[in-house]
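Inside the fold
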Amino acid sequence: WEEAQDARGDRAWRNPGLGLVLHEHPLDPYFRELRDRRRKELQRRRWAAVKAMQAMLNLHRRSVFAHGARSSRATSARASSSS
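So, the pattern of salt bridges
With the rule as written, the count across this model stands at eight salt bridges. A salt bridge links arginine 14 to glutamate 2, with the shortest nitrogen-to-oxygen separation between them at 3.4 Å. Highlighted residues: arginine 14 in strand 2 (residues 11–15) and glutamate 2 in strand 1 (residues 2–5), separated in sequence by twelve residues.

Some details on the sheet that holds strand 1
Read across the sheet, three strands follow the order 1-2-3 without closing on themselves; strand pairing throughout is antiparallel. Looking along the sheet, the strands with just one partner apiece sit at the ends: strand 1 and strand 3 (20–22). The mean angle between the axes of side-by-side strands here comes to 35°, regardless of whether they run parallel or antiparallel. Here strand 1 runs beside strand 2; their pairing, made up of four bridges, is antiparallel. Bridge pairing in strand 2 links alanine 4 to alanine 12.

Topic: the pairing of strand 2
Hairpin geometry of strand 1 and strand 2 is characterised by an intervening segment of five residues between the two adjacent antiparallel strands and by a positive phi of about 95° at glycine 9. When strand 2 meets strand 3, the two strands line up antiparallel, connected through three bridges. Looking at the pairing, arginine 14 lines up with valine 21 of strand 3. Linking strand 2 to strand 3, which pair antiparallel, is a turn of four residues; within it glycine 19 sits at a positive phi near 75°.

Reading the values: rules and limits
- Residues numbered from 1 in each chain as written.
- Predicted model: local features only at pLDDT ≥ 70, side-chain atom pairs only at ≥ 80, totals over all residues.
- Heavy atoms only, no water.
- Salt bridge = Lys/Arg side-chain N within 4 Å of Asp/Glu carboxyl O.
- Helix = DSSP H or I, 4+ residues; strand = E, 2+ residues; numbered from the N terminus.
- Pairing = 2+ DSSP bridges.
- Axes fitted to C-alpha atoms, helices over the stretch in contact; angles between N-to-C directions.

So this is what it looks like as structure tokens:
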């Protein structure tokens, strides 16, 4: 592939052996595909991290609620037995 200019002066890539002229670099589609795959992978990882954080927060809330409910029952049981 050779870089050239078309009739309007815009960049073009020419393959003299095949007689092809492209107005974008021959590898542009390949690199766009790599970029898009990487973006999807990063988005998937971010989403997985968000879901993991939500799960951890839910576990923490359940744990705090369970411990809070037990301690309030124990407090009320002690208060009723001392009366």
